[in-house]
Amino acid sequence: MLASLSLLVPPASPSQFLSLNRLSHFHFSPSIPVSDLLRVTSRRLAWATKTQSITTMATGEDECVGNVKVQLAKLFEASLKVTVPNEPDVEPLVAACTGKFGDYQCNNAMGLWSKIKGKGTQFRGPPAVGEAIKNNLPTSEMIESCSVAGPGFVNVVLSKNWMAKTIQKMLIEGIDTWAPMPPVKRAVVDFSSPNIAKEMHVGHLRSTIIGDTLARMLEFSKVEVLRRNHVGDWGTQFGMLIEFLFEKFPNFEDANETAIGDLQAFYKASKQRFDADPAFKERAQQAVVRLQGGEDKYRRAWAQICEISRNEFHKVYQRLGVHLEEKGESFYNPYIPEVIEALTRQGLVEESQGARVIFIEGVNIPLIVVKSDGGFNYASTDLAALWYRLNEEKADWIIYVTDVGQQQHFDMFFKAAKRAGWLPHDDGSYPKTSHVGFGLVLGEDGKRFRTRNTEVVRLVDLLDEAKSRSKAALIERGKGEEWTEEEIESTAEAVGYGAVKYADLKNNRLTNYTFNFDQMLNDKGNTAVYLLYAHARICSIIRRSGKDIEELKNKGTVVLGHKDERDLGLHLLHFAEVVEEACTNLLPNVLCDYLYNLSEIFSKFYSNPECKVIGSDMETSRLLLCEATAVVMRKCFNLLGITPIYKI
């Protein structure tokens, strides 16, 4: 069986950087017998759901050392058990607060009062419940004081000494000790997806950048992440591409990207020929059959076209520092017939107007899984891929990063999987699937970002221009005379590429945003340039002190005596819960907001004459605060896929 699969399944690419269009459709069904392989694991089609809650990411005391909110929730959980012993499983509602009354707040009193009033309770309203919650809190070194405000809100002021010790411990043990711990062992992040034989354009930017950041956040959270490109490397378009390749290059194996030239032009020319020349069209259709049948010449031509595209895509991924692993349509295609058959045996697949479909409750149109001509489509492949990811790769969380226009497809696809018993009906249980939708990249005219001749903007050109503009700005500031060429090049790349990424990620992904070089490369305001320069300035402060920061970490002591020092320390301590929020809700902009606010709070601290760093009595403590800020900023940059700079 495995031997037959190796002959019939298109060969896997050795490259880890291929990415193609997930939306290409199939018009043929390969007669590949994978029933033996599928029957071995068919019992797993009804996946046993894991009922782990997603309301909190941390699950053990050692797993939440950096998450203040989780640690406080544990204290309030103990208090609630004493306060209302007859109300089991009350979830502590703890949140950071910006008011003058405290650093964090527990908001359970009002909800509890609505549950217990009329049950003979001793309490006389939410404020009394709040007082009891406060009084029943276990003693903890992390809490300096508590108070009750309004309808029972319990406000907590953290201990400055505990905050300082926690920050210093992070400096010694590393920022990874502040990582969230989600109840997920393995996740698939499916992202990027440009087309074979087409250039990557600005439309692929968002999926690539957002997907990479989500993968990085999960990896930081100790999740094994399978970075997948569900590549569009199989379908009828390859018939016309192969025939056009044969026509233009009789010795096709000698053809390379230099000989073929513009991939986009090659694709367009083959499509024009297909539409205009009936004889060519017939040869192209025969080429599909021969490719499907495994004929060697056609397989080699198919592989050649994919490899040429792969090399072009690699240039973009190399610039962006993005790693992807290919498992495309050609990989999942052999699994489709038996997956559809298994769903049919379950009674899910029905005939409708010549097609085979799955009806979804509450949706007017069915999910077509086999077209009326017998061909497969996007839904067919997605179902086969999901089956494989759940049963073979054993993923707990499968995340799809595509534009918001595909939301309905994913809603229907996920509901079909739930009907099949592959996924639990409860969205709070695992395994689970999530669609991460995103809006358009717009030009200055408010329309889809294109060049002046209405062509889409090539992504490699856009990235090169960002680097070029960044380099020009460095030269203008006189760095050409001060720095080596290597320093200028590396800084221009870090700033230019980082500016493009941050301009995208700082927006809520569901919204459209306008692409503007001048704004994203501005060194003022909420831009990567401003943040990278802020980090470099902090590094400069530490260098100018002449002190060995590693020695200070072990021998010095952090003190949060001044209000601005405490404000900075408190924001540093928010890091773990912010990453958790961004990760849980799949929203990178939450991390961007945190990073920008951190830079602003540090600036306020450093510019205050009362918080002088170098040469002050508190120099050691304040240098350690500078280092803690730089460490957290660097981790934020890392999660966003941005390379930090250390001097300006």
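Residues numbered from 1 in each chain as written. Predicted model: local features only at pLDDT ≥ 70, side-chain atom pairs only at ≥ 80, totals over all residues. Heavy atoms only, no water.

K.L.:
What is the right way to read the overall build of the protein from this model?
P.N.:
When helices and strands are counted, the protein shows 26 helices and 14 strands. Looking at the protein residue by residue over its 648 residues, the buried ones come to 56%. Just so you have it, the protein exposes about 27,900 Å², and 50% of that area is on carbon and sulfur atoms. (Helix = DSSP H or I, 4+ residues; strand = E, 2+ residues; numbered from the N terminus. Buried < 20%, exposed > 50% of the residue type's maximum accessible area, 1.4 Å probe, protein only. Areas by Shrake-Rupley, 256 points an atom, 1.4 Å probe, with all protein chains shown as cover.)

K.L.:
Sorry if this is basic, but what is going on with the packing of helix α8 (residues 237-248) against helix α11 (residues 278-292) here?
P.N.:
Packing of α8 against α11 leaves a shortest axis separation of 7 Å and a crossing angle of 110°. With respect to their mutual orientation, α8 and α11 come out roughly perpendicular. You can see that α8 and α11 cross each other, and the crossing is right-handed. Residues F238, G239, M240, I242, E243, F244 and E247 of α8 pack against F280, R283, A284, A287, V288 and L291 of α11. Tallied by class, residues from the contact of α8 with α11 come to nine nonpolar, one polar and three charged. (Axes fitted to C-alpha atoms, helices over the stretch in contact; angles between N-to-C directions. Parallel < 35°, antiparallel > 145°, perpendicular 65-115°, else oblique. Left-handed = near helix turned anticlockwise from the far one by under 90°. Contact = heavy atoms within 4.5 Å. Nonpolar A, V, L, I, M, F, W, Y, C, P; charged D, E, K, R; others polar.)

K.L.:
Whenever I open this one, the sheet that holds strand β10 (residues 367-370) confuses me. Can you help?
P.N.:
The strands that make up a sheet pair up through hydrogen bonds in the backbone, lying either parallel or antiparallel. The sheet built from three strands is open, its strands ordered β8-β9-β10 with antiparallel pairing. Each end of this open sheet is capped by a strand with a single partner; those strands are β8 (349-352) and β10. Going across the sheet, the axis of each strand differs from the next one's by a mean of 45°, ignoring polarity. The pairing of β8 with strand β9 (residues 355-358) spans four bridges and is antiparallel. Looking at β9, one finds that E350 is bridged to V357. This element, helix α16 (residues 407-419), spans β9 and β10 of the sheet and lies at about 70° to β10. (Pairing = 2+ DSSP bridges.)

K.L.:
In this structure, what is going on with the pairing of strand β3 (residues 143-149)? I would like to understand it.
P.N.:
In terms of strand pairing, β3 meets strand β4 (residues 153-158) through six bridges, oriented antiparallel. Among the inter-strand pairings, I143 is bridged to a residue of β4, identified as L158. Counting the residues in the hairpin turn of β3 and β4 gives three residues, including G150, whose phi is positive at 55°.

K.L.:
Help me understand the nonpolar core in this model?
P.N.:
The tendency in soluble globular proteins is for nonpolar side chains to be buried as a group. Counting 138 residues, the largest nonpolar core has L72, L158, L462, F515, F575 and V632 as its most contacted members. The element that contributes the greatest number of residues to this core is helix α26 (residues 619-640), accounting for 13 residues. The residues contacting F575, other than those within four sequence positions of it, are I175, W178, F220, Y594, V632, K635, C636 and L639. Counting residues in hydrophobic clusters, the runner-up holds 38 residues, among them Y335, L348, V349 and F376. (Core = buried A, V, L, I, M, F, W, Y, C linked by side-chain atoms within 4.5 Å.)

K.L.:
Looking at this structure, I do not really get the sheet that holds strand β1 (residues 94-96). What am I missing?
P.N.:
Strand order in the open sheet formed by four strands is β1-β2-β4-β3, with antiparallel pairing between adjacent strands. Where the open sheet ends on each side, the last strands, each with one partner, are β1 and β3. Neighbour-to-neighbour, the strand axes of the sheet open up by a mean angle of 25°, direction not taken into account. As judged from the three bridges shared by strand β2 (residues 104-106) and β4, these two strands associate in the antiparallel manner. If you follow C106 over to β4, its bridge partner there is V154.

K.L.:
Just checking my understanding: could you explain the state of the cysteines for this structure?
P.N.:
Disulfide: a covalent bond formed between the sulfur atoms of two cysteine residues. Following the criterion strictly, the structure yields zero disulfides and no others. No disulfide involves C592; its sulfur sits 8.7 Å from the nearest other cysteine sulfur, which is in C636. (Disulfide = S-S within 2.5 Å.)

K.L.:
Help me out: how do you make sense of unusual backbone geometry in this one?
P.N.:
Working note: non-glycine residues mostly have negative phi, and peptide bonds are mostly trans. The residue after Y430, namely P431, is reached through a cis peptide bond having omega 5°. Tracing the backbone shows P431 in the loop between α16 and β12 (432-438). Of note in this structure, K222 is not a glycine but carries a positive phi near 70°. Phi is positive for K394, close to 55°, though the residue is something other than glycine. Note that K394 resides in the loop between α15 (378-391) and β11 (397-403). Residue classification places K394 among the partly exposed positions, given a relative accessible area of 44%.

K.L.:
Would you mind going over the environment of E144 with me for this structure?
P.N.:
Within the fold, E144 resides in strand β3. Sequence-wise, E144 and K160 are 16 residues apart; in three dimensions their C-alpha atoms are separated by 7.7 Å. Dropping the residues within four chain positions of it, E144 is found in contact with V157, L158, S159 and K160.

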